[in-house]
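What follows is the residue order along each chain.
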Amino acid sequence: MKPIYVAFFLSFICAISNAEIQLTLSNETSNIGDGKATVVNASDYTQIHWTNKQSSGGHEAFGLKEGVEYEVQCTRIDGSQEVLQFQIATQSAQESMNALFIPVVDAFGKILFFDPFATFNLYDNRVYNSQGEILTHPNGEPIRTEVWLVVLLLIGSAIYFTFYFRFIQVRAFRHAWKVTFGQFTKKSEPGEVTPFQALSAALSGTLGLGNISLVAVAIAVGGPGATFWIIVAGLVGMSTKFVECTLGVKYRKIDETGEVSGGPMYYLSKGLTKRGWQRTGKFLAITFAIMCVGGTLGGGNMVQANQAFDMIKTVLPGSNAYALWIGIAFALAVGAVIVGGIKSIANVTDKLIPALVVIYTGFALTIIGMNIQFLDEACGLIWSGAFSPDGMKGGFLGVMMLGFRRAAFSNEAGIGSASIAHSTSKTSHPVSEGMVSLLEPFIDTVVVCTMTALVLVFTGFATDTQGLNGSALTAAAFRSVFPWSDWIMLVCIVLFAFATMISWSYYGMKSWAFLFGEKWWIKQSFNFLFLFCTVLGTVSSFGAVVDFSDMMILGMAFPNLIGLWILKDEVMRDLKVYWKEVKGK
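Residues numbered from 1 in each chain as written. Predicted model: local features only at pLDDT ≥ 70, side-chain atom pairs only at ≥ 80, totals over all residues. Heavy atoms only, no water.

1. Examining the overall build of the protein chain
Selection rule: Here a strand is any run of E in DSSP of at least two residues, a helix any run of H or I of at least four, and the numbering for each starts at the N terminus. It is over C-alpha atoms that the radius of gyration is taken, and the globule rule equals 2.2 Å times the number of residues to the power 0.38. Working definition: with a 1.4 Å probe on protein chains only, accessible area under 20% of the residue-type maximum means buried, over 50% means exposed, and in between means partly exposed. Throughout, a contact is declared for two residues whenever any of their heavy atoms are within 4.5 Å. Every accessible area reported is derived by Shrake-Rupley at a probe size of 1.4 Å, with residue values counting cover from the shown protein chains alone. In this tally Asp and Glu are treated as negative and Lys and Arg as positive; neither His nor the chain ends contributes. By convention, the point assigned to a charge is CZ for Arg, NZ for Lys, CD for Glu and CG for Asp.
Of regular secondary structure, the protein chain possesses 22 helices and nine strands. By the compact-globule yardstick of 25 Å for 585 residues, the protein chain fits well, its C-alpha radius of gyration being 25 Å. Looking at the protein chain residue by residue over its 585 residues, the buried ones come to 57%. For the protein chain, long-range pairs separated by at least 24 residues make up 75% of all intrachain contacts whose partners lie at least 6 apart in sequence. In the structure as shown, the protein chain presents an accessible area of about 24,700 Å², 63% of it carried by carbon and sulfur atoms. Of the charged side chains in the protein chain, 40 are positive and 41 negative, and the gap between their average positions amounts to 16 Å.

2. Some details on the pairing of strand S4 (residues 47-50)
The condition that has to hold: For two strands to be treated as a pair, DSSP must find no fewer than two bridges joining them.
Taking every second residue as pointing to the same face, the buried face of S4 carries Ile-48 and Trp-50, while none of Gln-47 and His-49 on the other face is buried. Pairing analysis gives four bridges linking S4 to strand S6 (residues 69-75), with the strands arranged antiparallel. By the bridge assignment for S6, Trp-50 is matched with Val-72.

3. So, the sheet that holds S6
Note the following rule: Fitted lines through C-alpha atoms give the axes, limited to the stretch in contact for helices. The angle between two N-to-C directions lies from 0 to 180 degrees.
Ordered by their spatial adjacency, three strands build an open sheet running S4-S6-S7, and the pairing between neighbours is antiparallel. Edge positions in the sheet fall to S4 and strand S7 (81-87), since each has one partner strand and no second. Strand-to-strand twist in this sheet, taken as the mean axis angle between neighbours without regard to direction, amounts to 20 degrees.

4. Side note on helix H16 (residues 430-437)
Since the α-helix packs 3.6 residues into each turn, any two residues three or four apart lie on the same face. The buried fraction of H16 is high, at eight of eight residues. The set of residues buried in H16 consists of Pro-430, Val-431, Ser-432, Glu-433, Gly-434, Met-435, Val-436 and Ser-437.

5. Quick notes on the state of the cysteines
Inclusion rule: For the purposes of this analysis, a disulfide is any pair of cysteine sulfur atoms at a distance within 2.5 Å.
Tallying each qualifying case throughout the model produces zero disulfides. Cys-449 supplies the cysteine sulfur nearest to Cys-379, a cysteine that is in no disulfide, at a spacing of 16 Å. On the basis of relative accessible area, Cys-449 is assigned to the buried category, the value being 2%.

6. Topic: the pattern of salt bridges
To keep things clear, this is the line we draw: When a carboxyl oxygen of Asp or Glu is within 4 Å of a side-chain nitrogen of Lys or Arg, the pair counts as a salt bridge.
Counted by the stated rule, this structure contains 14 salt bridges. Between Lys-523 and Glu-259 there is a salt bridge whose closest N-O contact spans 2.7 Å. Of this pair, Lys-523 sits in helix H20 (residues 520-539) while Glu-259 is found in the loop between strand S8 (253-254) and strand S9 (260-261), placing the two residues 264 residues apart along the sequence. Looking at Lys-523, the relative accessible area reads 10%, which means it is buried. Each of the salt bridges in this network shares a partner with another, and the network as a whole consists of Lys-250, Lys-274, Arg-275, Glu-570 and Asp-574.

7. Some details on unusual backbone geometry
Within the chain, Arg-166 stands out as a residue other than glycine whose phi angle is a positive 50 degrees. The topology assignment puts Arg-166 in the loop between helix H3 (149-164) and helix H4 (168-171). Judged by its relative accessible area of 52%, Arg-166 is exposed. One non-glycine residue, Phe-167, lies in the positive phi region at around 55 degrees. One can find Phe-167 in the loop between H3 and H4.

8. Considerations on the confidence of the model for the protein chain
Put simply, the test is: Residue-level confidence of the predictor is summarised by pLDDT, bounded by 0 at the bottom and 100 at the top.
This prediction gives the protein chain a mean pLDDT of 83; 91% of its residues lie at or above 70. Mean pLDDT across the elements of the protein chain bottoms out in strand S1 (residues 11-13) (37) and peaks in helix H9 (residues 264-274) (93). Here residues 1-18 is modelled with pLDDT under 50, and outside its nearest four sequence neighbours on either side it reaches 30 contacts, counting other chains as well.

9. Some details on the nonpolar core
The line we're drawing: Only buried residues count toward a nonpolar core. Its members are Ala, Val, Leu, Ile, Met, Phe, Trp, Tyr and Cys residues joined through side-chain atoms within 4.5 Å.
Core analysis: the biggest nonpolar cluster contains 175 residues, and Val-72, Phe-242 and Met-435 have the highest contact counts within it. In contact with Met-435, not counting residues within four places along its chain, are Ile-168, Ala-172, His-175, Ala-176, Phe-242, Leu-575, Tyr-578 and Trp-579.

10. Digging into the environment of Ile-290
Inspection of the secondary structure puts Ile-290 in helix H10 (residues 278-315). You can call Ile-290 partly exposed: its relative accessible area is 44%. Along the chain, Ile-290 and His-422 lie 132 residues apart, while their C-alpha atoms are 20 Å from each other. Sequence-distant contacts of Ile-290, that is, excluding residues within four places in its chain, are made with Leu-515 and Met-552.

11. Some thoughts on the side chain of Thr-500
Along the polypeptide, Thr-500 turns up in helix H19 (residues 486-516). If we ignore the near neighbours within four places in the chain, the residues touching Thr-500 are Ser-204, Gly-205, Leu-207, Gly-300 and Gln-304.

12. Comments concerning the pairing of S6
Across seven bridges, S6 lies against S7 in antiparallel orientation. Note on S7: the bridge partner recorded for Tyr-70 is Phe-86. Between S6 and the antiparallel strand that follows it, S7, lie five residues; Gly-79 among them carries a positive phi value of about 95 degrees.

13. A short note on the environment of Lys-241
Rules: For this analysis, a polar contact is any N or O atom pair within 3.5 Å, provided that within protein one partner can donate a hydrogen and the other can accept it, and provided that sequence-adjacent residues contribute only side-chain to side-chain pairs.
Here Lys-241 shows up in helix H8 (residues 226-250). On the basis of relative accessible area, Lys-241 is assigned to the buried category, the value being 0%. Distance in space between the C-alpha atoms of Lys-241 and Asp-115 is 25 Å, their sequence separation being 126 residues. Apart from the residues lying within four places of it in its own chain, the contact partners of Lys-241 are Asn-411, Glu-412, Ala-413, Ala-418, Ser-437, Leu-438, Glu-440 and Pro-441. A polar contact of 3.2 Å, which involves the side chain of Lys-241, links it to the side chain of Glu-440.

This is the structure:
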């Protein structure tokens, strides 16, 4: 018998002084979140309330996380109440690690997901059904719409930059394509990769599971109307991407061997030093680098490996027995690419990403083409759902914020990560690469996410999810038209995850080198850590650890946006100079 992963049952009765509630607590396996609590003397009470939102008012609570403190409140027939605090004991390393990180996640979440409007009672954030009744979680607590602070900052900044740069995403759209395909690039210009390769590398970090699963999540919860706000967020996010990637090239560092280092770490430290804020710039740069390293190991690596393996298990039953070997295979494939740095990564992504986009969008376009006669109806459904959603979707504000949240996760405009890749582009003018980068949210969010949404609408899964969510919902939509499409989805998800991992490994490695030094062995130490986490992400699920890593990716927005707002005037001056040079040619 395997010592820690073999399922076993652990139970004990809590004897509590000053309370008469009697609980049986059990932790059946070493997996996270399968704890159970039972009120033994439930017949003594008329009502039982668990603080675990997914537990109903019955005598048992399921799906409890080990090592986390919960409460059960019991009411007697005379109206008197008793409250008992309890924890499910941990019995495995991953359960203990999860319990350790949950308080950290909660504390970080209070900042990222702070809702200023609800805090000051500026709106009623409870969700109502069509009869005006408040919708609740199984434990009776109201379901609430969340207006996250980090999303407000990302979308608010994107809207501001759109107007400040006078709709640069529209004015420079055609020119950006010309630059991307080398019309204004010379081989002799400084940098390591072509603009197209830089765009492909950056796209590989954003295109992927978000386009397949997060869109489905948004539509499953918010209905087809969420699609409209995903598109809007993608369009305005193009301006943010332009600003951060222009700065990434402007403040990049090129060493004597020609290796480029750039991104928020450099324009925060160097750019703010020029303004006389050396300490502030250094602090923000270090903060960004730390968060980028953490986000890379989790969201950019473990999550990708875990989700890819989940799809493998779905399509190939029995593959769970080979989890370790599949994880090692993932790590070896990733390691073979990342050991060569950005040039090796770009040489893979400039072929892989176009191929994946063609395959995925090809199947999506086929379904859209088969239903083209219903396009007006589908667009009407998206439009009406965006502005007149029913209360169960959280109303207008709920659907809008849901779309914005998913777009922020998908295209990462304002996060700053893409500027690390774009800073390696061969160019002598930073603005030209900024223009290339603004195509990224357009391709990622406006094109690919919209196609996913239309597939869900045309196949009926946008209005009837059949209890599915995430990538399972998208896979079901494709399967309803192409019964054999699970294999296509498997290839797309695995390769999208692989592409995301190799790009994020570069982001993390550059941030690691910024913190600890540029020596070869320091960079390779990060790569070894990254590959270890690849295997770990395949064979295990660390719950709150990965949640914290995802939060660190969103947290990167805070130092990055501060830099963008301070340095935006420099970008505007450079943009005016660039337009004059282009018109003079």
